[in-house]
Amino acid sequence: MKVVSENRAFGGRQLVVGHPSAACACEMTFGLYLPPGEGPFPVLWYLSGLTCTHENAMVKAGAQSWAAREGIALVFPDTSPRGEGVADDAAYDLGQGAGFYVDATQAPWASHFKMWTYVTEELPAVLAAFPLDMDRQAITGHSMGGHGALTIAATFPERFRSVSAFAPICNPTGSDWGRKQFAAYLGEGADWAAHDASLLLAKGGFSLPLLVDQGMSDKFLDLLKTDALQDVLAETATQGTIRRQEGYDHSYFFVSTFMEDHVVFHARALKA
Ligand SMILES: N[C@@H](CCC(=O)N[C@@H](CSC=O)C(=O)NCC(=O)O)C(=O)O
């Protein structure tokens with residue numbers, strides 16, 4: 001593992017760390033923001049969307065100032081394995097930059113695309129080298145990363161104190177942002193429902209504090225299926241807030257606008 005860069009930010013430290021990944025069989029990179037102080041710090045994961053690396057949210061989401069104020073560390077994983085020997089696709093929504101937070105079982109993806117294992121098992125172990133309190137974790141994400149945050153929190157509710165998402169893909173098995181990737185990575189006939197937040201929640205609701213923001217001028221609204229999640233919350237009497245924000249699009253202008261709310265929302269759960 002090596003620290004690739006370190007920058008002072010809001011009294012804390014923004015690190016970029018590289019390490020060999022056994023899960024993805026390649027070198028992986030993540031961003032880690034450590035707030036001022038000694039730690040151990042509670043942790044907020046931020047899973048990014050299609051086309052992103054570890055860097056997009058790290059430089060555009062504006063989370064560090066709020067995390068510094070709240071004394072929370074931020075983890076920004078990459079969205080896929082990368083490198084010359086790693087399979088890719090010409091489309092922006094498949095292959096490198098589009099790991100969809102699943103473990104691929106199908107060729108040519110299976111040899112490297114293990115983002116579920118990477119984010120849920122390998123990276124938490126790598127983070128043991130830093131002053132983090134892994135008994136206090138929360139998770140958020142944007143778009144494909146919102147899908148990752150919701151499905152990971154639904155699968156490991158005991159691990160997280162809260163979950164939120166910005167414009168998440170809520171029902172990927174009912175969307176072209178989901179069916180295409182699950183067919184490629186998991187194959188037809190695999191258990192796609194295990195990676196669909198709406199279907200996971202439909203099984204029994206959800207007890208974690210939940211906050212979702214969705215821009216109403218988002219050009220991807222049809223692909224995100226926010227209503228499916230809203231319906232499941234109602235059907236299962238799950239507490240959760242879905243805020244529909246008029247005029248906001250899918251961009252990091254939207255994400256950064258509501259980032260303070262999300263960090264404060266998680267801080268409340270992490271410090272309870
Ligand atoms: N290139 C695509 C749009 C890709 C895009 O909007 N990516 C979003 C996430 S979308 C869902 O996962 C993103 O976060 N981009 C990075 C950024 O810094 O904005 C197109 O042609 O529409």
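Residues numbered from 1 in each chain as written. Predicted model: local features only at pLDDT ≥ 70, side-chain atom pairs only at ≥ 80, totals over all residues. Heavy atoms only, no water.

A short note on the site of the ligand
- Not every one of the 15 residues close to the ligand is listed here, only the nearest: Leu50, Asn56, Lys60, Ser143 and Met144.
- With respect to the ligand, the backbone of Leu50 contributes an N or O atom lying 2.8 Å from an oxygen atom.
- Within the backbone of Met144, an N or O atom sits 3.0 Å from an oxygen atom of the ligand.
- For the ligand, whose unbound accessible area comes to 540 Å², protein coverage reaches 74%.
- Judged by the fraction of its atoms near the pocket grid, the ligand is located in the largest pocket.
- A per-class count over the shell around the ligand returns seven nonpolar, six polar and two charged. (Near = heavy atom within 4 Å. Polar contact = N/O pair within 3.5 Å; in protein donor to acceptor, adjacent residues only side chain to side chain. Areas by Shrake-Rupley, 256 points an atom, 1.4 Å probe, with all protein chains shown as cover. 1 Å grid on protein atoms, 1.4 Å probe; cavity = no way out; pocket = protein on both sides within 12 Å on 5 of 7 lines; lining within 4 Å. Sits in = over half its atoms within 2 Å of the grid points. Nonpolar A, V, L, I, M, F, W, Y, C, P; charged D, E, K, R; others polar.)

Notes on the UniProt feature "active site" (unreviewed entry) in the protein chain
- Here, UniProt's "active site" (unreviewed entry) annotation points to Ser143, Asp218 and His250. Their sequence span is 108 residues, while the largest C-alpha to C-alpha distance among them is just 10.8 Å; these annotated residues converge on one region. As for the lining of the largest pocket, the annotated residues named previously contribute Ser143 and His250.
- Here Asp218 is to be found in the loop between β8 (210–215) and α7 (221–224).
- Apart from the residues lying within four places of it in its own chain, the contact partners of Asp218 are Ala167, Leu224, Tyr248, Asp249 and His250.
- The residue His250 is located in the loop between β9 (241–245) and α9 (252–271) in this model.
- Among residues more than four places away in sequence, those in contact with His250 are His142, Ser143, Ala167, Trp177, Asp218, Phe220 and Leu224.
- There is a polar contact of 2.8 Å between the side chain of His250 and the side chain of Ser143. (UniProt positions renumbered as here; feature names shortened; annotations may be inferred. Helix = DSSP H or I, 4+ residues; strand = E, 2+ residues; numbered from the N terminus. Contact = heavy atoms within 4.5 Å.)

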